[in-house]
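Survey of secondary and tertiary structure
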Amino acid sequence: MRMPTRFLIGAALTALLVSHASAVPLLEPQLRLKPSSQTHPRVALTLDACGGATDTRILSALVDNKIPATIFVTGLWLKRNAEALAIMKAHPELFELENHGARHIPAVDTPHKIYGLSSAGSAEAVQAEVEAGALALTDRGEPQPKWFRGATAQYSPTAIAQIRQLGFRIAGYSINGDGGSLLGARETERRVASAKDGDVIIAHINQPTHAAGGGLVKGLLKLKAKGYDFVRLDDVDDDGTDDTTN
């Protein structure tokens, strides 16, 4: 059957637009703490709570050892982890809760697959992911979040600009502590313990069955034993690449 010329032209334009969108490189921003006059080295621990459950090894270690952390929570995680949320809310001196999106959808406004996840795919979908993620926190009595970290921590340049216009700073990192919670305990411990003054560590608190969680705890305790101070993102000055914070 012969296709109408108009249909063929439309299909070609669609293919061209998709190809162009896929060709736009995604950004994975870096974030570091600005130098300070303090004598002790400082690091910021940031933990993603994407979905699923809570790694109580990590949560208990943070509480017991008084290690502050910035926790990026999704709406999905909040629905399933009321007990862990209550523990975090009971320790406001330790935990800063920030926006990881409503449904853990990468904040990319063009069609992409990132680590097997489909991106938001449009500016409207990015906005919905960001704003509904913030609402999930405020609906539970938390302050309006100031920071956003999207699923996979990768973004299209235009999505970064859009998220900034929505009023959020975007949290990159300088050390990938647990490789998406897929690393073994020994490698996770090594990466975390190797942090230097000003580093921002990313790891995960939602995979209680993964070995990485145990390694994360050991790495953090090594830093603490070496005299490192742990800070939350909202308590310090920082510097992000790709126009994510400035």
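The structure under discussion appears in the preceding block.
Residues numbered from 1 in each chain as written. Predicted model: local features only at pLDDT ≥ 70, side-chain atom pairs only at ≥ 80, totals over all residues. Heavy atoms only, no water.

Quick look at the overall build of the protein now. What the protein contains, in helices and strands, is 8 helices and 12 strands. For 246 residues, the compact-globule estimate of 2.2 N^0.38 gives 18 Å, and the protein sits close to it at 19 Å. The burial tally for the protein puts 48% of its 246 residues in the buried class. When contacts within the protein are restricted to residue pairs at least 6 apart in sequence, long-range pairs at least 24 apart make up 78% of them. Accessible surface for the protein amounts to roughly 11800 Å². Of this, 56% is attributable to carbon and sulfur atoms. The distance from the centre of the 26 positive side-chain charges to the centre of the 27 negative ones in the protein is 5 Å. (Helix = DSSP H or I, 4+ residues; strand = E, 2+ residues; numbered from the N terminus. Rg over C-alpha atoms; globule rule 2.2 N^0.38 Å. Buried < 20%, exposed > 50% of the residue type's maximum accessible area, 1.4 Å probe, protein only. Contact = heavy atoms within 4.5 Å. Areas by Shrake-Rupley, 256 points an atom, 1.4 Å probe, with all protein chains shown as cover. Lys, Arg positive; Asp, Glu negative; His and termini not counted. Charge placed at Lys NZ, Arg CZ, Asp CG, Glu CD.)

Ranked by size, the top nonpolar core spans 34 residues in total, and within it L45, L47, L62 and I71 carry the most contacts. The residues touching I71, leaving out its near neighbours within four places in the chain, are L47, A49, M88, F95, E96, L97, E98 and I205. (Core = buried A, V, L, I, M, F, W, Y, C linked by side-chain atoms within 4.5 Å.)

Where empty space is left becomes clear once a probe the size of a water molecule has been rolled over the atoms. Reported here for the largest pocket is a volume of approximately 460 Å³. Lining the largest pocket are 23 residues, and of these Y115, T152, G179, G180 and H204 sit closest to its centre. A per-class count over the lining of the largest pocket returns 7 nonpolar, 13 polar and 3 charged. Of the pockets and cavities examined, the second largest pocket occupies roughly 280 Å³. What lines the second largest pocket is a set of 15 residues, and nearest its centre among them are F95, E96, L97, E142 and P143. (1 Å grid on protein atoms, 1.4 Å probe; cavity = no way out; pocket = protein on both sides within 12 Å on 5 of 7 lines; lining within 4 Å. Points joined across faces, edges and corners; volume = space filled by probe spheres on them. Nonpolar A, V, L, I, M, F, W, Y, C, P; charged D, E, K, R; others polar.)

All buried positions along helix 6 (residues 157–165) are accounted for by A159, I160, Q162 and I163. All buried residues of helix 6 fall inside an arc of 165 degrees around its axis, so they share one side. Its buried side turned inward, helix 6 meets helix 5 (123–138), strand 7 (147–148) and strand 8 (169–170). Looking one or two places after helix 6, you find G167, whose phi comes out positive at around 100 degrees. (Arc of directions from axis to C-beta.)

Looking now at helix 8 (residues 212–225). Look at helix 8: 20 Å from first C-alpha to last across 14 residues, which is about the 20 Å you get at 1.5 Å a residue. Trailing helix 8 by a residue or two, G227 shows a phi angle of about 90 degrees, which is positive. (Expected span 1.5 Å × (residues − 1).)

What follows concerns the packing of helix 7 (residues 185–193) against helix 8. Running from N to C, helix 7 and helix 8 cross one another at 30 degrees; their axes reach a closest spacing of 7 Å. By the angle between their directions, the pair helix 7 and helix 8 is classed as roughly parallel. Between helix 7 and helix 8 lies a crossing whose hand is right-handed. Here helix 7 contributes A185, T188, E189, V192 and A193 to the contact with helix 8, which in turn contributes A212, G215, L216, K218, G219, L220, K222 and L223. Here the contact of helix 7 with helix 8 is composed, by residue class, of 7 nonpolar, 3 polar and 3 charged. (Axes fitted to C-alpha atoms, helices over the stretch in contact; angles between N-to-C directions. Parallel < 35°, antiparallel > 145°, perpendicular 65-115°, else oblique. Left-handed = near helix turned anticlockwise from the far one by under 90°.)

The geometry of a pair of packed helices is captured by two quantities: the angle between their axes and the separation between those axes. For the pair helix 2 (residues 56–64) and helix 8, interaxial distance at closest approach is 8 Å and the crossing angle is 20 degrees. With respect to each other, helix 2 and helix 8 are oriented roughly parallel. Of the two possible hands of crossing, helix 2 and helix 8 adopt the one that is right-handed. Here helix 2 contributes R57, I58, A61 and L62 to the contact with helix 8, which in turn contributes G213, G214, L216, V217 and L220. Residue classes in the contact of helix 2 with helix 8 are distributed as 6 nonpolar, 2 polar and 1 charged.

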